[in-house]
Amino acid sequence: STTTTTMALPRLLLTLVASIATVRGDFDLSNPSWNTNRDTFTATLSPSDSSSNPYSPDLTSLSFTLSVASETTSRVKITSPTDSRWEIPESIVSAGDPTHSLSIDDASFTFDYTESPFTFTVKDVDGSIVFDSSAALHFGDQYLELSTSLESDNKLFGLGEKSRSTGSVIPKGSTTTMWARDMAAAEFDTNLYASHPFYVSLSSSGKANGAFLRNSNGMDVVYSEAGDALTFKALGGVIDLFTFTGPKPSDVVKQYQSIIGTPTLQPYWALGFHQCRYGYTNLQEAIDVVQGYADAEIPLDIAWLDIDYMNLWLDFTYDEANFPSADVKAFVDQLHANNQKFVPIVDPGILAVDPSWDWAQDYDAYHSGIAMDVFVKDITNEKPFMGQVWPGPVHFPDWFHPNATEFWTAQLKNWHDIAEFDGVWVDMNEVSNFCTGQICENTDPDNCPTHKVDTQTQCCLSCSDVDPDNSLDNPSFLIGNDLGINEDKNPSPIDTKTIPASAKHYGDLNEYDVHNLHGTMEAKVTSDAMHSIRGTRSFVLSRSSFPGHGNHASHWTGDNAATWDDLKMSIVTVNDFALFGISMVGADICGFIGDSNEELCARWIQVGAFHPFSRNHNTFGAAPQEFYIWDSVAESARRALGLRYQILPFMYTLMWKAHVDGDVVSNYLWSVFPEDEATHGVDEQFMLGDSILISPVLQDQARDVDAYFPAGKWYNLFTLESFESAGEVVNLATELEEANAHLRGGKVLPMASTGGLTTVDVQNDDFSLVVALPSESDAEGLSQGELFVDDGESIEVTNFLHMVYSATSTSLTSKAVENSFDASNAVSTVKVLGVTAKVQSATIQVEGGEKRSVDLVQEDEVLTLDLADVGVGVKDEFVLTWM
């Protein structure tokens, strides 16, 4: 773990130094050597006489390793060969497949270096720079710096989590700080809940590359004013750098996920619509909300409860006065009878029970945690660190402790035995702490906690710093924690409103090093626990995250606000997290903070209905915003969610493709059309996969929207009307209740024939295939698609159906790639869009049998082929022909 005796300097002075110093670090290389297989290069680095690290003296000897992680991916690792340093265990964040044996001679990149001063360069096969370290390299105990030169004309994406007021493109001259903290996503241009040190660099021609610094320490990532350099400035750990040659943006994301792992496959039901709010005062209100959706015939799959249900905000308890556990069980049982699900919230803080509290002496989570010694320790490493969150004084589980999984699983199981929840929402896991200090004590247990909502978030503990000069809580280099753009203030110390960096984890680990991992580690333990408890695929929603989080859990964008700017930002943030390898992402629809309104809510569901995670959620004291409250919003929801439920077979297939191949579900346009430079700045539209374009109205009182359509043929999924685009902006008339979703020509879209009000309705529904013919000028003239079907809940996907579809202007072919799941659904209709010639007849040949005639209806350019009387199963191979 990181240790140092460096004294902290005055914070104002450090801020000034950080802003004016141009740091150049020089090392010299010696003992260069390739191994026999030429897949690993090693050398020794020593600081030159000119080396000057103003924050933490450079170490006197370093080991340098370049390895070929894959044909397209290099790994550069710099660490100390003698000092024990923190680096992320591969059991927490994968570092790729260690069994590779690819030589540098077979890679699609080259590696070059200079010995004195030492620099290294990774280039792609065309000679373009992917990473060039010549700008700066420093390696001190508590300050690492690594820079790369960039093409100044390229656009940079990624590096989060941050709600950027400028949109998806990272602005030149900006700093992105990686330090997870409890800060509302409604606060733009500052560090938020997650840390993702990964970026994609995109040229105007559409060529892309990227890099990932596998380091969990706090850091600043500085993009130069000229856009010609990017610098990572980390507070410790090691340099563990992966570079990706692309050349397409989608390739870069897949290459990144080949290192950190692909997203877990979500249970099918999780793709349904979710309803929640903070502020239901009793269970009956939640029951009435579920009934309200049913009465309004708006799809609803999952009912949620926020912390309102808890007894005095204690995890794993129910407020027996307002949310009686027996009634909650009956509520959940009824949801299950209706083919619906239930998800409650859990926070990491476990009430630290005072001996004087008669009301809490039987709180098992505390007593078990103490007995199993699973809580994070304070700076003394002798007793559990005490913080404060909603319950009041709390201890925090240490996810590094070998007993943590057993402890957490037992608590969840005991709670699950009361009412069988289907998923878990883990919040406040940055970690959030209402107090600041190395050691906190509850010196006034009669008044702490207050048990009053208006004072519960005010720190009531007595906190102090027993070692005020501790270099972990006060590192010499201050990252930009709590800084926004052009804010005239110093950064906040890294121990502000969280666990102090000097706190101790199992194995003598420091919070300083592992802080950014907390959310993902809690999500993993929770996911594993739910697998054990339920024996089915888990659904875990987490606020904080780190690379590899998608392997275990989903994410929502946190506490946004009911504003039009936040609605726009939701598109950017969801797409950013898709780049980060988390496929199941969404924002609080209609906004969390403040009162929403009819216009905003009607438009927001037209966006949120097409995000992978789709949930309405708002805060305590805000006006209700369930969709059925306004007639126009109810109609907007019925239309948008109605289409969502029809295309769930397609969306679930996308989720599976993300899981097995690293595909992206919610996409930036530039990721699908990188060679079209006009897409590179489009933030207010998004793609589902590479097939469906969503173009929402994002302005108050607007009844139309200017939307960019890349070249090709596009079909309105609501009306089936089509138009040809040359790569242009098209004005779309869009009434308040109307959404815009267009299917790209050249695609075959599997849909549910009618949809329904729950995902079970969809899973039991017949299928309809929509063939969107491409432009007549398309050289191949083919339309293609695929479908994945399984039981929607098995942890290991061993039995499944994978169909692929290929269509010409006169035929559709269905073939089974895998047919080990017994899907009994029928294919009832095929709609062919863009048919210009008059069709006289159609026939189908199923599983090589005799040809049979098919009834058809042709209206304008839409050909509808009725297969109901033919008896075609979704798993059947067939050839359908029309002429």
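This write-up is about the structure you can find in this document.

The rules behind each value
- Every residue gets a number counted from 1 within its own chain, in the order that chain's sequence is written.
- The predicted nature of this model means local features are confined to residues of pLDDT at least 70 and side-chain atom pairs, given and counted, to a pLDDT of 80 or more, with totals for whole chains, interfaces and linings taken over all residues.
- Here the side-chain values reflect all heavy atoms present in the structure, with hydrogen atoms and water set aside.
- Working definition: helices are DSSP H or I runs of at least four residues, strands are E runs of at least two. Numbering for both runs from the N terminus.
- Burial classes: relative accessible area under 20% of the type maximum marks a residue as buried, over 50% as exposed, and values in between as partly exposed (1.4 Å probe, protein chains only).
- Paired strands, as defined in this entry, are two strands with at least two bridges between them according to DSSP.
- Geometry of aromatic contacts follows a simple scheme: Phe, Tyr and Trp rings, the Trp one being its six-membered ring, pair when their centres are within 6.5 Å, and the pair is stacked under 30 degrees between planes, edge-to-face over 60, tilted otherwise.
- Any Lys NZ or Arg CZ that is within 6 Å of a ring centre and within 35 degrees of that ring's normal is treated as a charge sitting over the ring.
- Nine residue types can take part in a nonpolar core, namely buried Ala, Val, Leu, Ile, Met, Phe, Trp, Tyr and Cys, and a core is a set of them joined through side-chain atoms within 4.5 Å.
- In this analysis, two residues are considered to be in contact whenever any of their non-hydrogen atoms come within 4.5 Å of each other.
- The length a helix should cover is 1.5 Å for every residue beyond the first.

## Let's talk about unusual backbone geometry
For residues besides glycine, phi is generally negative; the peptide bonds are generally trans as well.
Working step 1: In this structure, E161 follows G160 across a cis peptide bond, with omega equal to 20°.
Working step 2: Within the secondary structure, E161 sits in the loop between β10 (155–160) and β11 (175–178).
Working step 3: Despite not being glycine, D189 has its phi angle at roughly 65°, a positive value.
Working step 4: Mapped onto the elements of the fold, D189 is located in the loop between β11 and β12 (196–202).
Working step 5: Assessed through its relative accessible area of 10%, D189 is described here as buried.
Working step 6: One non-glycine residue, D373, lies in positive phi territory at about 60°.
Working step 7: Turning to its location among the elements, D373 is positioned in the loop between α5 (364–372) and β21 (387–389).

## Topic: the sheet that holds strand β35 (residues 692–694)
Remark on secondary structure: sheet strands pair via backbone hydrogen bonds, oriented parallel or antiparallel.
Working step 1: The strand order across the open sheet formed by six strands is β33-β34-β35-β40-β37-β38, and the pairing between neighbours is antiparallel. This sheet does not close on itself; its edge strands, each paired only once, are β33 (666–667) and β38 (722–725).
Working step 2: Here β35 pairs with strand β40 (residues 741–744) via three bridges, running antiparallel. From the neighbouring strand, I692 faces β40, where its bridge partner is L743.

## Some thoughts on the pairing of strand β2 (residues 40–47)
Working step 1: In this sheet, β2 lies alongside strand β1 (residues 27–34) in antiparallel orientation, the contact comprising six bridges. In the strand pairing of β2, S33 is matched with T42.
Working step 2: Following β1, the chain reverses through five residues before pairing antiparallel with β2; R38 in that reversal takes a positive phi of roughly 55°.
Working step 3: Here β2 pairs with strand β3 (residues 62–70) via six bridges, running antiparallel. Residue pairing for β3: A43 is matched across the bridge by F64.

## Description of the packing of aromatic side chains
Working step 1: Evaluation of the coordinates by the stated rule reveals 58 aromatic pairs.
Working step 2: Between Y55 and Y143 the ring centres are 4.6 Å apart and the planes differ by 55°, which places this aromatic pair in the tilted class. With a gap of 88 residues between them, Y55 in the loop between β2 and β3 and Y143 in the loop between β8 (137–139) and β9 (144–149) connect regions that are remote in the sequence. This pair shows no difference in class: Y55 is buried, exactly as Y143 is.
Working step 3: Members of the aromatic cluster, joined through ring pairs, are Y309, F316, Y318, F375, W399, F407, W408, W415 and F421.
Working step 4: When the ring centre of W34 is taken as reference, the NZ or CZ atom of R38 above it lies at 5.1 Å.
Working step 5: The ring of W304 has R615 sitting right over it, with the charged end atom 4.7 Å from the ring centre.

## Quick word on the nonpolar core
Working step 1: Grouped together as the largest cluster of nonpolar side chains are 176 residues, with contacts concentrated most on L517, F610, F627, I692, L812 and L880.
Working step 2: Of all the elements, helix α12 (residues 648–661) adds the most residues to this core, at eight residues.
Working step 3: Sequence-distant contacts of F610, that is, excluding residues within four places in its chain, are made with A640, L643, R644, I647, M651, F686, L688, I694 and A739.

## Some words on helix α6 (residues 404–416)
Working step 1: Given a rise of 1.5 Å per residue, 13 residues ought to cover 18 Å, and the 18 Å separating the end C-alpha atoms of α6 matches this to within 8%.
Working step 2: Inspection of α6 places A404, F407, W408, T409, Q411, L412, W415 and H416 among the buried residues, and these make up the whole buried set.
Working step 3: Where the residues of α6 are buried, they touch β19 (341–346), β20 (350–351), α5, β23 (424–426) and α8 (518–534).

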